[in-house]
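Now for the letters of each chain:
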Amino acid sequence: MPRKSDPPKFPDSYIGEKAKEYDTLIWMERNQKKATVMALNYLYSDLGGNKQFRGPYLILDLGCGTGYSSEVLLENGHRVIGIDILNDMIIKARNKKNFFQNHNNLELVLADINHLPLKSKSIDHIISISGYNFITHNKNSVRDKIKIVNNTAKYLHRILKNETGQIIIEFYPKDEQELDLFVSSFKKNGFDGYLIKSKPNQKAGQTFLSLKKIK
Ligand SMILES: C[S@@+](CC[C@H](N)C(=O)[O-])C[C@H]1O[C@@H](n2cnc3c(N)ncnc32)[C@H](O)[C@@H]1O
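Everything in this summary refers to the structure shown in the same document.

Cut-offs and rules
- Residues numbered from 1 in each chain as written.
- Predicted model: local features only at pLDDT ≥ 70, side-chain atom pairs only at ≥ 80, totals over all residues.
- Helix = DSSP H or I, 4+ residues; strand = E, 2+ residues; numbered from the N terminus.
- Rg over C-alpha atoms; globule rule 2.2 N^0.38 Å.
- Buried ≥ 20, exposed ≤ 12 C-beta atoms within 10 Å, placed from the backbone.
- Contact = placed C-beta atoms within 7 Å.
- Core = buried A, V, L, I, M, F, W, Y, C linked by C-beta atoms within 7 Å.
- Arc of directions from axis to C-beta.
- Right-handed = clockwise from strand over helix to strand, strands pointing away.
- Pairing = 2+ DSSP bridges.
- Axes fitted to C-alpha atoms, helices over the stretch in contact; angles between N-to-C directions.
- Parallel < 35°, antiparallel > 145°, perpendicular 65-115°, else oblique.
- Left-handed = near helix turned anticlockwise from the far one by under 90°.
- Nonpolar A, V, L, I, M, F, W, Y, C, P; charged D, E, K, R; others polar.

### Overview of the overall build of the protein
Item 1. Across its full length, the protein carries 6 helices and 7 strands.
Item 2. Shown N-terminal to C-terminal, the secondary structure of the protein runs as helices and strands in the order α-α-β-α-β-α-β-β-α-β-α-β-β.
Item 3. Taken over the C-alpha trace, the protein has a radius of gyration of 16 Å; the compact-globule value for 215 residues is 17 Å, and the two agree within 12%.
Item 4. The 215 residues of the protein split such that 36% are buried.
Item 5. Relative to all contacts within the protein whose residues are 6 or more apart in sequence, the contacts with residues 24 or more apart total 68%.

Given below as structure tokens:
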């Protein structure tokens, strides 16, 4: 999601009037949807590339916000569980839901990525567009950050269905250290993967993490 202004702050950028603004910005919708299409294409290509690997799947949309990404997943035939921690955001997704194609395939849940109310091995794949890096927002020490990213990676590993489960995360690490924090949490907890930078020479900027459940 290339930025038109300062980097968003959590939760300030997503509550009250800011949530309303988020849901009406055309460039925001365009960029969220574009990043979601890119994430889906990375998912398909990691699964084998052919049409037969395009699902439909049950996909968890982590940090679903006002539903731009979920809408793209629905349009591509998937069943979707959208999770968001902020009522101001998810309520807007709920208001729009009936206008989405295949809307009966979408369930929206107010919940924290760090404490998901989901069963083991219940999800085919996970996608998160511009939300995942906020999971450390209220952790000040490196130790606390490591703890939360590890616990979340462990949990995501548990809820993915089988050895073909994939996670695609799009985010904007603020520096190399933050990128390492997230990458190593997945490597330590049963995932293998790689990262794709939209601008390979930039250390920060749009980054996709493609992760495969390996054990
Ligand atoms: C950029 S916005 C939404 C992006 C979303 N892809 C869309 O299409 O609107 C990021 C979202 O992540 C959510 N978020 C941040 N931390 C979260 C957490 N711990 N659990 C669940 N959602 C979270 C925020 O509330 C916000 O709605």
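Read on for the rest.
### Details of the nonpolar core
Item 1. Counting residues in each nonpolar core, the largest one holds 43 residues, and the members touching the most others are Ala39, Ile59, Leu60, Ile126 and Ile127.
Item 2. Not counting residues within four places of it along the chain, the set of residues in contact with Ile59 comprises Leu73, His78, Val80, Asp124, His125, Ile126 and Ile127.

### Considerations on helix α4 (residues 87-96)
Item 1. Those residues of α4 that sit buried are Met89, Ile90, Lys92 and Ala93. One side of α4 carries all its buried residues, which in axial view fall inside an arc of 150 degrees. More than 90 degrees from the buried face of α4, the exposed residues found are Asn87 and Asn95.
Item 2. Of the surrounding elements, those touching the buried residues of α4 are α1 (17-22), α3 (68-75), β2 (79-84) and β3 (106-110).

### Remarks on the pairing of β2
Item 1. Across the 6 residues of β2, 5 count as buried, placing the element largely inside the fold.
Item 2. Following the backbone out of strand β1 (residues 58-62), through α3 and into the adjacent parallel β2, one traces a crossover that is right-handed.
Item 3. Of the strand pairs in this sheet, β2 and β3 are connected by 5 bridges, and their pairing is parallel. Bridge pairing in β3 places Ile81 opposite Glu107.
Item 4. Handedness of the β-α-β unit built from β2, α4 and β3 comes out right-handed.

### Quick look at the packing of helix α5 (residues 142-159) against helix α6 (residues 176-187)
Item 1. Between α5 and α6, whose axes approach to 8 Å, the crossing angle comes to 45 degrees. Considering the angle they form, α5 stands oblique to α6. Between α5 and α6 lies a crossing whose hand is right-handed. On α6, the residues touching Lys145, Ile146, Val149, Asn150 and Ala153 of α5 are Leu181, Phe182, Ser185 and Phe186.
Item 2. Of the residues contributing to the contact of α5 with α6, the split by class is 6 nonpolar, 2 polar and 1 charged.

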